[in-house]
Amino acid sequence: MKVCFLLGSGISRPASLPSVDELTSQVLAPKEFFRCSDGVYRRVEAVQQNPMLVQKQITDMERIEQLLRWLKGNAEVRYAADTERRVNYEDLACLAAQIHNDSLDEYENPALGPFICCALNALPGLCSEGKLGELAGQTVNYIADVVADMLVKLPSNQRHLEVFQQAASDNRFEEVNLFTLNHDRLLEHFLRARAVAVVDGFDNENSLGIRTWNPALFDMWRTHARAPVVRLFKLHGSIDWRRFRPSETQGGERASNPRREEYVGIRSNPALANAKDKQGRAHEEVDRALFLAGTFNKMLDYLNHVFLELHYRFHRILADTTRLVVCGYGFGDKGINNRITDWMCLSTGQGDRKMVLIEPRALEDVQRRARGAIAGKLMAWKDEKRFVHLQSPIGNPDVTWERISYALTQ
């Protein structure tokens, strides 16, 4: 039997990693960050500042703050009827990304015209019409950098993650696949510390101190069979993923890469950041951390490069699996919900498909907060005995691997 886990931010809370509310609160305080020469926003205290640039930076961060506050106010008007719905940093990232993408004709949206006009009228002096898209793009980058900065925090309690270690060691299950929507590094660090081999799609460290993206590794996971092994798919990316670009040299001087050759990797050994490859090229980080922030805009990115590969794997592995455990996920991602719904509803010759949800809220509350594609089906699946709700938080002593595996095998 094969089992898949779908994990959301709820599994990181017992480890005291920042909540969505805490991330949102920090995002709304731009003056605590500073835009560095590489375009990445870092905390003010971590940057050696040129006094001549300080005032300009303050002005730039004030402009980002004004736009964020305005976006937040408009989103709150939209969700005013839902007293439980709080606007968060993902909503703000989505709105800013839409304005930015429309300004570039990347994903043009005529419906945004009145919204953009309203922004220009409500925020006089903030920026001219041609610069609003640029400011929105800077805001998206700023949000991503704040989230990455906060998720570097060291975790506290991790005992609740032992169920994943135990699942990997359970001989009744021939495959254990972990699909996570989280950007933090909690899960992979915990499992590796417990001698569980984690196949995450990145090669071993090379001479440049970089682990390069190689999805073929997902097909060779059985080479780790001497130890418990899991395949880990980070569907929304990670705070330690980066794009790298080899730099060309001309007469000993570094020059731009004319072919724009790029690849995705993890800088596993920062001490080798200045190392050269066999052609004498340094490999530089092109941009900020590679992960997805936002709401509905994420689904557009599911079609791009690394994320297309990951979501293809999610689709194919689910199709070949009859058991799914959902933990820490509130059914708020429409694209992910569609995958789950299709999987549960399509017939299979492998026997009935079953989903186990580990969630402290009552099922009625889960249904109320979930998106429509799945909310109306949970109770029907439960009546068909294909859906089991373990009403306990992850980390509760009652949530043992024995209890979860029993629910999966019945």
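Our structure's up above, just so we're on the same page.
So, a few notes on the structure that sits alongside this text. Fair warning: this is a prediction, and the values are worked out from it, not measured in the lab.

Here we come to the environment of glycine 113. Mapping glycine 113 onto the fold places it in helix 4 (residues 112-122). Among the residues examined, glycine 113 registers a relative accessible area of 31% and is labelled partly exposed. A sequence separation of 110 residues divides glycine 113 from valine 3, and the C-alpha atoms of the two residues are 46 Å apart.

Strands sit in the order 6-11-8-12 across an open sheet of four strands; the sheet is antiparallel. Among the strands making up the open sheet, the edge pair consists of strand 6 (210-212) and strand 12 (283-285). This sheet shows a mean twist of 50° between the axes of neighbouring strands, independent of strand direction. The pairing of strand 8 (residues 241-246) with strand 12 spans three bridges and is classified as antiparallel. Paired with proline 246 across the two strands is histidine 283, which belongs to strand 12.

The next point concerns the packing of helix 3 (residues 89-103) against helix 4. Where helix 3 meets helix 4, the closest approach of the two axes is 11 Å, and the angle between their N-to-C directions is 105°. With respect to each other, helix 3 and helix 4 are oriented roughly perpendicular. Contact residues: helix 3 offers Leu95, Gln98, Ile99 and Asp102, while helix 4 offers Leu112, Phe115 and Ile116. Classifying every residue of the contact of helix 3 with helix 4 by side-chain character gives five nonpolar, one polar and one charged.

What counts, and at which threshold
Residues numbered from 1 in each chain as written. Predicted model: local features only at pLDDT ≥ 70, side-chain atom pairs only at ≥ 80, totals over all residues. Heavy atoms only, no water. Helix = DSSP H or I, 4+ residues; strand = E, 2+ residues; numbered from the N terminus. Buried < 20%, exposed > 50% of the residue type's maximum accessible area, 1.4 Å probe, protein only. Pairing = 2+ DSSP bridges. Axes fitted to C-alpha atoms, helices over the stretch in contact; angles between N-to-C directions. Parallel < 35°, antiparallel > 145°, perpendicular 65-115°, else oblique. Contact = heavy atoms within 4.5 Å. Nonpolar A, V, L, I, M, F, W, Y, C, P; charged D, E, K, R; others polar.

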